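A closer look at the structure
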Amino acid sequence: MTLTQLALFIIIFLAPALYQRGHYALRPEHFNKISLRKKVGLQIHHAHWGLIYIFISSLWFIFADKNIYIILLAGLGWGLILDEIIPHLHMPSDDRALELDVYKKSTKPTLILIGIAVLIFIGLFFLTN
């Protein structure tokens, strides 16, 4: 990684927190609108987008090569995730039974997601070798 790539990585890494925190400070009412969550019925946060970006960039690192776009995608993903770690750790949850019930009910979709990931790994292996 060059010094320029490092600088760009750090800028992209910082951008999500600066944007989200600044946007919230200036216009907190915008954060009450959760139309995507209502449409899909899931508690989507920007950290979830970060996980997707990290997943894509790590697959690219593993099966292809390193380039500036993948470095920046990884930085963006990590920035999105790290902005939400502390808030998630402080989110009140006094209903362990509910948490475990959600965990149990999510077994099938989780296994499907893992299966799809394995198929992607296998496909990428054969496409890049």
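The structure reproduced in this document is the subject of the present report. None of the values given here were measured: they were computed from a predicted structure.

Assignment of secondary structure puts Leu 124 in helix α6 (residues 107-128). For Leu 124, a relative accessible area of 25% translates into the label partly exposed.

Turning to helix α1 (residues 3-26), a few remarks are in order. With 24 residues, α1 extends 33 Å from end C-alpha to end C-alpha; this agrees with the ideal 34 Å at 1.5 Å per step. Within α1, the axis deviates most sharply at Ala 15, by approximately 30°, and proline Pro 16 lies no more than four positions further along. Inspection of α1 places Gln 5, Pro 16 and Gln 20 among the buried residues, and these make up the whole buried set. Residues of α1 that are buried make contact with α3 (46-63) and α4 (68-90).

Take the packing of α3 against α6 next. The relative placement of two packed helices is expressed as an angle between their axes plus a distance between the axes. The N-to-C vectors of α3 and α6 enclose an angle of 35°; their axes lie 10 Å apart at closest approach. For the crossing formed where α3 meets α6, the hand is right-handed. When α3 is examined against α6, the residues Phe 55, Leu 59 and Phe 63 are found in contact with a partner set consisting of Ala 117, Ile 120, Phe 121, Leu 124, Phe 125 and Thr 128. In terms of residue class, the contact of α3 with α6 is made up of eight nonpolar, one polar and no charged.

Where α3 contacts α4, the two axes come as close as 7 Å, and the packing angle between them is 150°. In terms of axis orientation, α3 runs roughly antiparallel to α4. Classified by chirality, the crossing of α4 by α3 is left-handed. Here His 46, Ala 47, Trp 49, Gly 50, Leu 51, Tyr 53, Ile 54, Ile 56, Ser 57, Trp 60 and Phe 61 of α3 come into contact with α4, specifically with Ile 70, Ile 71, Leu 73, Ala 74, Leu 76, Gly 77, Trp 78, Leu 80, Ile 81, Asp 83 and Glu 84. Residues that form the contact of α3 with α4 fall into these classes: 16 nonpolar, four polar and two charged.

Reading the values: the criteria
Residues numbered from 1 in each chain as written. Predicted model: local features only at pLDDT ≥ 70, side-chain atom pairs only at ≥ 80, totals over all residues. Heavy atoms only, no water. Helix = DSSP H or I, 4+ residues; strand = E, 2+ residues; numbered from the N terminus. Buried < 20%, exposed > 50% of the residue type's maximum accessible area, 1.4 Å probe, protein only. Expected span 1.5 Å × (residues − 1). Bend = angle between axes of the 7 residues up to and from the residue. Contact = heavy atoms within 4.5 Å. Axes fitted to C-alpha atoms, helices over the stretch in contact; angles between N-to-C directions. Left-handed = near helix turned anticlockwise from the far one by under 90°. Nonpolar A, V, L, I, M, F, W, Y, C, P; charged D, E, K, R; others polar. Parallel < 35°, antiparallel > 145°, perpendicular 65-115°, else oblique.

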